[in-house]
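Now for the letters of each chain:
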Amino acid sequence: MNPDLPYLDLLKDVGFRPFFIMGDHRSGTTLLYQLLAETQCFNIVTAYHVIRYNQIVFDHMQGAGAASKRELSDTFAQLGLKDRVLDGVAVSPDLPEEYGFVIDGGPRPQLTPSTLPKFVELCRKIQFTSEPNRPILLKNPWDILRFAYVKECFPQAKLIFIHRHPLTVINSQLRAIRSLLETKSAYTALTAQWYREMYQNPVRLFATRLLFSSRFQLAERITARHIRLVADYYLRNIGSIPKTDYVSIRYEDLCENPDRVIQEILDFGGCRDHAQKGYQDRVHPRSLAVLPGAEAAFQSVRAKLGPFLALHGYD
């Protein structure tokens, strides 16, 4: 059932100005998205847009958006959902979310020729039902490996890169993987089709848990390889992006001085902070013990990450 179908013709002439947050999983993209959303400068993708995707325009035309969000809040409450568990981020219908959950139901959603139409439809839906003069702020960590293609698709797009020390990223990714596999996350099951289907298939779930357990070190090898791919891709392709079209920040600097970093991004985008408030009290970085497997995974690729580490002051 798709209540939006009768209204899709209304979207054909809707334009949008995309700003993309580009960063790997567990590199601080969620925190950055939340802080930038609070400036009220951008339209954003939310949990409501992801979970109720086929009725966004219908709700808007019927004046039912607020009621639909209340129903979603009730669903969260019935499921006992208070946060996303893996990172402690509070759950609500207005929680900033990833567009990847909409464009592809698989575990590695990326912007490609086949997913581009759905992405454009999503942006048009949000722009049509939100503030029409605001740019739209978007994030999908898998597209850190596709940012050159993203820029080709949207030459007018602005890119906001966020980097974090690779050892910390590997450590956090391993913890997230094992958290999602050890215990079902009801919130992730609502947003991610592949995750929901995995928990509906006991054999597949058992095999995945076994393969990604610490016994086989598969997760460690995958994360190490992924970190290297992200670093290599960034170094190879960042030169293709005009310097006027991107800004690059570090997660560590965002945590240390969020007001300065957020203002730097808004200046880059030609935006004004409508909220006019400080952000220091919104930043609560967690200090997690480094898993032995994470340290070993980082050391296995450390030498090959040398240029990336040096570029961002991590050497």
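Small disclaimer: the values here were computed from a predicted structure and weren't measured.

Conventions adopted
- Residues numbered from 1 in each chain as written.
- Predicted model: local features only at pLDDT ≥ 70, side-chain atom pairs only at ≥ 80, totals over all residues.
- Heavy atoms only, no water.
- Helix = DSSP H or I, 4+ residues; strand = E, 2+ residues; numbered from the N terminus.
- Buried < 20%, exposed > 50% of the residue type's maximum accessible area, 1.4 Å probe, protein only.
- Contact = heavy atoms within 4.5 Å.
- Phe/Tyr/Trp six-rings, centres within 6.5 Å; stacked < 30°, edge-to-face > 60°.

A. Fine view of the environment of Pro132. For Pro132, the position within the fold is in the loop between α6 (116–129) and β3 (136–139). For Pro132 and Gln173, which are 41 residues apart along the polypeptide, the C-alpha to C-alpha distance reads 36 Å.

B. Structural view of the environment of Leu235. Tracing the chain through its elements places Leu235 in helix α12 (residues 218–237). For Leu235, a relative accessible area of 34% corresponds to the partly exposed category. Sequence separation of Leu235 and Tyr195 is 40 residues, and the distance between their C-alpha atoms is 32 Å. Not counting residues within four places of it along the chain, the set of residues in contact with Leu235 comprises Pro307, Phe308 and Leu311.

C. Broad picture of the side chain of Thr191. Looking at the secondary structure, you find Thr191 in helix α9 (residues 186–191). Contact partners of Thr191, with chain neighbours within four places excluded, come to Val50, Ile51 and Phe101.

D. Just the packing of aromatic side chains, in detail. In this structure the tally under the stated criterion is 17 aromatic pairs. The interplanar angle of 80° and the centroid separation of 5.3 Å between the aromatic rings of Phe161 and Tyr234 together place this pair among those described as edge-to-face. In this pair, Phe161 sits in strand β4 (residues 158–163) while Tyr234 sits in helix α12, placing the two residues 73 residues apart along the sequence. A single burial state applies to Phe161 and to Tyr234, both of which are buried.

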